[in-house]
Amino acid sequence: MQQVMLLIQYTLVYASVLTLVALGGCYSERSGIINIGLEGIMVMGALGGALVLGHISPELPGIVIFLLAVLAAMVFGMIFSLLLGVAAINFKADQTLAGTAMNMLGLALAIVIVKALNIAASGGSNNSAEIAYTATREKLLLAQGTEFSMFMVLTAIILIAAYILLYKTRFGLRLMACGEHPQAANSVGISVAKMRYAGVLISGALGGIGGLVYITAGVSKTNFEVGVAGFGFLALAVMIFGQWKPHRIVLAALLFGVFRALANVNSGFDFLAALNLPQPVYNMLPYIISLIVLAFTSKRSHAPKAEGIPYDKSTR
Amino acid sequence: MEMKNEQKHSSFFKRLLANPGFRSFTAALLCILIGLLIGYIVLLIINPANAGEAIGTILKNFMTRNSERLRLKALGNTLVKTAPLLLCSLSILFAYKAGLFNIGAAGQYVLGAGAALYCALGLNLPWYVCLVAAVLAGALLGAISGALKAYLNVNEVISCIMLNWISLYTVNSVLKDFCPVGYKDTHTLTSMNPSAVLPTLGLDGIFGNSSVTIAIPIAIIIAVAIWIILTKTKFGYEIKATGYNRNAAKYCGMREKQNIILTMVIAGSLAGLASALLFLSDYMQWDINQSSIPAMGFNGIAASFLGGLHPIGAIFSSYFIQHITDGGSSLDTRFYPVQIADLISAIIIYLCGFVLFIKLKMIKASGTIPQKRPDMAAEIKHDADNKKGGDK
Amino acid sequence: MQANRAAVGGSSEYAIEMLNITKRFPGIVANDNITLRLKKGEIHALLGENGAGKSTLMSVLFGLYQPEEGVIKKDGREVKINDPNDANALGIGMVHQHFKLVEIFSVLDNIILGVEPNTAGFLKKNEAREKVVALSEKYGLRIDPDAKIADITVGMQQRTEILKMLYRDNEILIFDEPTAVLTPQEIDELMQIMRNLAAEGKSILFISHKLNEILSVADRCTVLRKGKYIGTVDIPSTTKEELSRMMVGRDVEFVVPKKEATPGEVLFKAENISVASKAHKGLAVKNVSFEVRAGEIVCIAGIDGNGQTELVYGITGLEPLESGKLFMAGRDKNGNDIPLSEITHLPIRKRSKLGMSHIPEDRHKHGLVLDYSLEYNFILQTYFEPRFTSGAGFLKSKSIREYADKLIEQFDVRSGQGAITTARSMSGGNQQKAIIAREVDKRPKLLVAVQPARGLDVGAIEGVHRRLIEQRDAGNAVLLISLELDEVMNLSDRILVMYEGEIVGHPDPKTTTVQELGLYMAGAKRE
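Just so it is clear, the structure is predicted and the values come from calculations on it, not from any experiment.

*Asks:* An account of the interface of chain A and chain B is requested, with residue identities and associated values reported.
*Replies:* In this assembly, 56 residues from chain A lie in contact with 53 residues from chain B. Roughly 4,600 Å² is buried in total at the junction of chain A and chain B, and carbon and sulfur atoms are behind 76% of that figure. Among the residues chain A hides against chain B, the three largest losses belong to A:L97, A:M104 and A:L291. Together they make up 14% of the total. There are five residue pairs in polar contact (both at pLDDT 80 or more) connecting chain A and chain B. Listing elements by their share of the side of chain A that touches chain B, those giving two or more residues are α3 (62–90), α4 (95–122), α10 (231–241) and α13 (279–297) of chain A. For the side of chain A that touches chain B, the element with the most residues is α4(A), which contributes 14 residues.

Right, dumping it as structure tokens:
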């Protein structure tokens, strides 16, 4: 029973990460920009959040710590996502290449910054890329000794807001128009560049928060040399499986969350233990599942029609 | 008189700009310079007092060593790692010509290493069998991504990333039985199975470095071969036609699905060979605890784009990337993180995204192709549609 | 540049004036001193061939381009239009040739996009729906506001575009080639809608190259040719011949002369074939049968989107058949004739080798590799043959160059640097010539030509038509797929009309009329 609880907790934690990041990808792609760089954005968001958690006083109220960390993660993610915006929107660069560069850049930059800070703080003796935040992380939990945290509440709020924003508002209508038929949007006076920047910045904010949630999932310190272990790409698979729709994305995220959580808690289940699978199999599971899911769902793709294509004003 | 002179200059300059090779070279140089400049600024921010020396260390790499012998040996080390990097960049470049983004070179490299080391340490096989095993392993992984793309429309970037992680966990668990007790690195080949070490043909003597093997000439020969395949053969003609316009390739009866798979198989083989060339040189061993994917495959992206997506260009760009990476690793860790070099390569890749834009500016400045009517833009958009595959 | 500043004040008789507009692009003057004055409440036609500068002029009016010279006036007052928003604010709206509709949105969402009624950013769709329904009733524009664009007919999509303008209270309505996608009956309906709108005081600019439509609906007509202003005429006092002379610059032969056909044996046969649709889940081609004989041009006529594209995909092998069989007579690699035999499951390459050539509908999507040189494009269908590829798989660059030079000469393909010119930098007409050269030089038994004259100017169209007739006269089979009624009437030896995936009629080209064809094409008549 305890193991089931643990599984549920970890599932919700990882599903939160995937939901947030996949929603970010969804907003970017709905505006017409393919965001392969989510992994890098997550790392930068994690960096922003970890810096706050690692350096702020644990004496502050939990909600203040929470808000400051989320704010830092968002801002870091958004600033970093501008790299994609500038390359894809202003310079019409290959979006896959720009995104790939961002993943490498995000990781290298985070390592350099954390190491530089550690070197400076220790006078050269500590050149690790680690930040620890045991005390502050505890303040974010809703119940001590569990994984239920304020982040889950935040994810639920963001999910509902993302749905409403996309389907019920003027902004959402315009954003989707830019991803489907930018010429049509432009012909009725909508600035495609502005809407695409909005999409990319939202993906930066959500990807950043997702990164922060990831590094606080069951751990109280993070080594940036490891990055976020391909979660940015798992989120892309979740987004595709969720057909670019917020209400489906959350279901896809829960499914992937279960498999990722099994890697943490599989030893506690008798029937799984009886299978005697080696741990690496559980580690691989989310990636294998996402390959299988993609194989079944990619044929009939509901991707926004104009995604990945640089918008040129003079195109008719 | 003065006017005339000016005109002469400008026309010479225009002729230069009209040359595609010159354009690629200039654009690459620009990316490198901006990348280094940003790297230098980062060094300045971290520790201003030693920044000048540090950027010098990165750029000079082996030249900072004290004696001729040590310099040669260090150069040898850089070359040992340039060979796999070159092959990874060829892998990415070859796939890119067919319109595929082989970010899976990293995973194909990992699986290749696993296959080569398993054959060498587990099965005690000679080097050439290990080499073939690595090529096959890479090819297999490439074939999976290719088949998923061709038959099920799975975006190759995402499938490749998933396979990268699957490969890493697989190889880590397969190789864990081949480490000395209590160590996280696999046995050296020299200690367990010297027949698996690549022959040196005397190159080791020249560099005073036992790791310098035939890997280096093999990599260069393959680069030339790839260049010939792409420009002079029927197969290259088909691959490039598929990459430029998949629909037209289908229209004229090219078997696009088979070509996609074949391209990924070749790309995978190249990446698989890359790791075999490194690990069978016995220069380094596999760390079974590594929890992030080796950077070699990703750096290959930098090298291929920096080299203007040209196989011969890739030889020079691969050397350059490895040169600054090794230079970065000799930074004084009391002041600087060694990943500054990774940061610089990443910035260079990012800037490569702007190369098309820079080249377009140069074409305009050269005035060779008078920009036609606005329909030009429509064509370009159309083209982008075609590259997406059009079948969505 | 002298600007005309005669009319001052708001009481001008003109709704919009574009005076002495000049717009240059590097290497070309797209609009050279063009003047266009649209009276209030009139229907004013803008006539010109492809590339005459109509689109550029409209882009200037919508602020997509800034002219180097000239002024624009609204109600006699000079205005500056920097982007489509400015044009919209001045009450200018346009139905584009290619509709600007978001397919996954509803009709209503498309209409309100850009001017959404809202409270604090939240959409107020009910309010919008009421206004849209009222407008559609007032002007007789039948639509379903909640249907998705992807699910409705082209005619309803066009009415959605018109409602988009009316919803914005636009006073100046521009129709860009609005009839290309409509049946003759739908065209009549559109003409009536335009007259209604003008009667309500809207000023209408009607862009077209179809003389009959202009003569039937417009009050005045401004003609452009090769970027230059030719003149403005009153429609009641002009003739079709005068308009066409103004448009083309010389007298035009409307018909390419051709001899009586002498059909021989059957070279191609389709038997009950069905092809799946790209757009929806059903069949696009339903149980179609026909044959093409040696020495005849068989034309498939019909409105765009009635299954012609899929029919061609099925015949050429780009898409598999759902059911049915295909047969073709051809020749083997030694040039010996092969009698009619089944090709249903042959891949594209084998059909091509057998003697099928295909001039595709979309020359940029299928016909050319735009980033390849002209010479590489010439060998797209034959690069693997021993004359271009050695046994070891190497391309024979010398033979390729010689072959290209031969075709360039023979088919008069013009390009900046000859064989090594990038296809992308060639003009549309010469790109099409290159494709035709490649496909015809294969000496096909069956030539499938899909809208081969699309987007070409009148002179080039004549040339293309001559090539098709040459093929026929050489004893080969020609299957022509066309949307242009003039082309259908002039070239065909037999006509098949396609409607909703079926062949609904075989009218005789010698006796049928445009009206009769129209009834078949609209599904109003079938055999």
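Structure's up, so let's keep going.
*Asks:* Could you give an account of the confidence of the model for chain B, with specific residues and numbers?
*Replies:* All names here are of chain B. Of all residues in chain B, 91% attain a pLDDT of 70 or more, and the chain-wide mean is 86. Across residues 369–392, where pLDDT falls below 50, the model places 58 contacts with residues more than four positions away in sequence or in other chains. For this predicted complex, the interface score ipTM comes out at 0.89, while the overall pTM is 0.85.

*Asks:* Can you tell me about the packing of α4(A) against helix α16 (residues 340–352) of chain B, naming the residues and giving the values?
*Replies:* With their axes 8 Å apart at the nearest point, α4(A) and α16(B) run at an angle of 160 degrees to one another. Judged by the angle between their axes, α4(A) and α16(B) are roughly antiparallel. As α4(A) runs across α16(B), the sense of the crossing is left-handed. When α4(A) is examined against α16(B), the residues A:L97, A:A98, A:A101, A:M104, A:L105, A:A108, A:L109 and A:V112 are found in contact with a partner set consisting of B:I340, B:D342, B:L343, B:A346, B:I347, B:I349, B:Y350 and B:C352. Per-class residue counts for the contact of α4(A) with α16(B) are 15 nonpolar, no polar and one charged.

*Asks:* Which residues make up the side chain of C:T512, and what values do they have?
*Replies:* Residue and element names in this part refer to chain C. Its place among the elements puts T512 in the loop between β22 (502–505) and α17 (514–521). Of the polar contacts made by the side chain of T512, one reaches the side chain of E516; its length is 2.5 Å. Once residues within four sequence positions are removed from consideration, T512 is found in contact with M489, I495, P507 and L517.

What counts, and at which threshold
Residues numbered from 1 in each chain as written. Chains lettered and ligands numbered in written order. Predicted model: local features only at pLDDT ≥ 70, side-chain atom pairs only at ≥ 80, totals over all residues. Heavy atoms only, no water. Contact = heavy atoms within 4.5 Å. Buried area = accessible area lost by both parts, 1.4 Å probe. Polar contact = N/O pair within 3.5 Å; in protein donor to acceptor, adjacent residues only side chain to side chain. Helix = DSSP H or I, 4+ residues; strand = E, 2+ residues; numbered from the N terminus. pLDDT = per-residue confidence, 0-100. Axes fitted to C-alpha atoms, helices over the stretch in contact; angles between N-to-C directions. Parallel < 35°, antiparallel > 145°, perpendicular 65-115°, else oblique. Left-handed = near helix turned anticlockwise from the far one by under 90°. Nonpolar A, V, L, I, M, F, W, Y, C, P; charged D, E, K, R; others polar.

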